[in-house]
Structure formats: C-alpha cells, structure tokens
Amino acid sequence: MSPNAPQKHGGPPNRSGGQQGKGGTPASSQELEYPLPKEVVAVFKSISSVSNPGLIFERFIPYMGADKENRRKQVLEHAKTAPDSAALKAVYGRWQALTGACKARTFTLKTDWRFIPGLGRKTALEIGFGFHRYGFPYLPASSVKGIARTWALFELAALLALGEGKLNDLDQTLSKEDEEFDKAFERFKPSPEAKELAKTIRLVFGTLDQAGGAVFFDAIPTSAFPLDIDIMNPHYALYYQGKEPPGDWHNPNPITFLAVPKDKEFAFAVAWRRGAPRADLLEQACTWLKNGLRDLGAGAKTSAGYGYFR
C-alpha cells in the first residue's frame, strides 16, 4: 500500500490510536493524525529520536485539519533536528572519494547568514526545503552550475554593455550550435575580449550540441547541525492576488519555514570532463562559482539577504 494512497470508502486517514471526534477531527488537539498505514505510524511513534529530518518533512506530515498552524509547527520542530552525523560522515566520505577520483577542485565556503535551498518545492506544508535523501540540507549540482553560469553571463553582459532586458537573449545565443552562434553573437557588436569570453563560457558550460567541460557536484555540509525556523509575514495577501489595493486593514499571514543557520560550512567541487578541450579553464569555472556564491547567492530570498556565502 502506498503511504499516500487515499483511504477507501471515503473514510478518514488512519490513526495512531485514539477516538475520532466530530467532523472527522482528532478527539485531542495533542494527538497527531497521519494519512499512513497504522503499522507505519506505530513504528514512527515508537522512535524516540529523529535520524532523518528530511523524511519527516516530506513523508510524515500529519493530517492538518482545523489545527493547521500548530500541526505545521510540530512538523518543523521535528524537521529542524540535526541529521544522523554518521550518515553525513559516510556521504561526505563518498563525496570526497568521488571528487578525488575525478581530480576535481574542491573548496569550502560558509553561509554568511541564513540559507534556504528548495523553498519553492511543492510539499504538504505549502513550503519546501532541499533535503538530501539522508536528511541534511544540500544544493544540487544543477543549481551549483546555474549559479556559476549566471555569474559568467553577467560578466559577459557587462563587457557588451547590455541591460537586464537583453540577458535572456544573450543566454539563448550562447547556447546555440556552432554554425548559428557566430552570426547571432555579432548582433551584440562584441569586442575581441567579449568574443573570447563568450567562447570560454561555451567551452565551460556547453551548448545545445556539445557538453561543457566543467562538471559540477552537489554541495553538501561538512558537519551535521540543526536548522533554524524562520518566518515571513506578508501583510497584503489580497493585494498580491490582484484583488484589492494594499491597506492597513489587511490581516498579516505569518508563514514559518526552515533555513540553514549562518556560519555553516558547505563543500563544493568542480571537475573537468575527461577528453574535453581546454582543461586549463577549470580554474575559471571555480572562480565564477565562488563569485556567484558570494555576490549572487543561492536558494530563495537572496534579495532579502539570504543565501550568500563567504
């Protein structure tokens, strides 16, 4: 039976014991109700400590009912727990072995303030978080590559004296096949320096017909730590929905979410693809990544100061 399978005959979700109150709500506000098989709930309730907070956050969400905010807080209190340090140590050991075998350049950076990976992911709590399968926060390799490429794109745009409105056009041009790229790039009237930088970007990150030379790895923490519970408090929900102008009579809507605390160390790695030309560009790829992490940030709410590294 799938943990998320709907109950038959329109019945309420399975319980971990107790009686059902009126309207299908728990008889006690202290009793958690899970849409899971009773046997699974019994095992979960018998465990005294949480070893994988990511599993709690993504798979063991209680039935919210009318007590939604309190249930959300209970889940976040469980999910903010530090993951199993032995599991993280093992994963970090494999990560070091893999990056070493690939002759990758590795480095560590610390969060300058809080960092929120995966906030936009869809979950039962209506807020997301980027948990690794073993329960610790991480930044997937695709996001790491995107940060480095965005910084390189900004450098090229500065050389071409392009405004923000032209960045998407430049981005698409850089991805074109070789036969189309030269002609398309001439529209920007590039200098010799800009042409060389564009060529470097294409070699590092790839195009539609050729894989890039740089290989980016998942960024993972070097030690286990508990998460912070943060809050955002939008005051003008109806205004954001386009229904009313902003006004002091609108009710605030506090939303709690998880965040990596400041001063937490993450390990990053970039390797060069075997057989790809210009292996000397690996250092350039690392520089772009470091600059992007320091000045563009990663994850959500970077405009509010989250997600920067040092």
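A.B. asks: Describe in detail the packing of aromatic side chains, supporting the description with residues and values.
C.D. replies: Summed over all chains, the structure comprises 18 aromatic pairs. With centroids separated by 5.6 Å and ring planes inclined at 55°, the aromatic side chains of phenylalanine 57 and phenylalanine 131 adopt a geometry described as tilted. One end of the pair, phenylalanine 57, is in helix H2 (residues 53-59); the other, phenylalanine 131, is in the loop between strand S1 (105-110) and helix H5 (141-160), and 74 residues separate them in sequence. By the burial criterion, phenylalanine 57 is buried, and phenylalanine 131 matches it. With 5.7 Å between their ring centres and 25° between their planes, phenylalanine 205 and tryptophan 288 make a pair best called stacked. In this pair, phenylalanine 205 is assigned in helix H8 (residues 192-205) and tryptophan 288 in helix H10 (residues 282-295), connecting sequence segments 83 residues apart. The class of tryptophan 288 is buried, set by a relative accessible area of 0%. The structure contains a cluster of three or more aromatic residues connected by ring pairs, namely Phe107, Phe115, Phe225, Phe266, Phe268 and Phe309. When the ring centre of phenylalanine 188 is taken as origin, the NZ or CZ atom of arginine 187, which lies over that ring, is 5.1 Å away. A cation sits over an aromatic face here: arginine 202 above phenylalanine 181, 4.0 Å from the ring centre.

A.B. asks: Which residues make up the environment of aspartate 263, and what values do they have?
C.D. replies: With respect to the secondary-structure elements, aspartate 263 resides in the loop between strand S5 (255-259) and strand S6 (265-272). Taking the relative accessible area as the measure of exposure, aspartate 263 reaches 36% and is therefore partly exposed. Sequence spacing of aspartate 263 and threonine 111 is 152 residues, and the spatial spacing of their C-alpha atoms is 5.0 Å. Non-local contacts of aspartate 263, meaning those with residues more than four positions away in its chain, are made with Lys110, Thr111 and Arg310.

Rules used in this analysis
- Throughout, a residue's number is its position along its own chain's written sequence, starting from 1.
- It should be noted that, the model being predicted, local features are given only for residues of pLDDT at least 70 and side-chain atom pairs only at 80 or more, the latter also being counted only at that level, while totals for whole chains, interfaces and linings use all residues.
- Excluding hydrogens and water, the side-chain figures rest on all heavy atoms present in the structure.
- Two rings from Phe, Tyr or Trp (for Trp, the six-membered ring) form a pair when their centres sit within 6.5 Å of each other. Planes less than 30 degrees apart are called stacked, planes more than 60 degrees apart edge-to-face, and all others tilted.
- Helix and strand definitions here come from DSSP, where helices need a minimum of 4 consecutive H or I residues and strands a minimum of 2 consecutive E residues; each element is numbered from the N-terminal end.
- Only protein chains enter the accessibility calculation, which uses a 1.4 Å probe; a residue whose area is less than 20% of its type maximum is buried, one above 50% is exposed, and one in between is partly exposed.
- Two conditions define a charge located above a ring, namely a distance within 6 Å from the ring centre to NZ of Lys or CZ of Arg, and an angle within 35 degrees of the ring normal.
- Whether two residues touch is decided by their heavy atoms; if any such pair falls within 4.5 Å, the residues are in contact.

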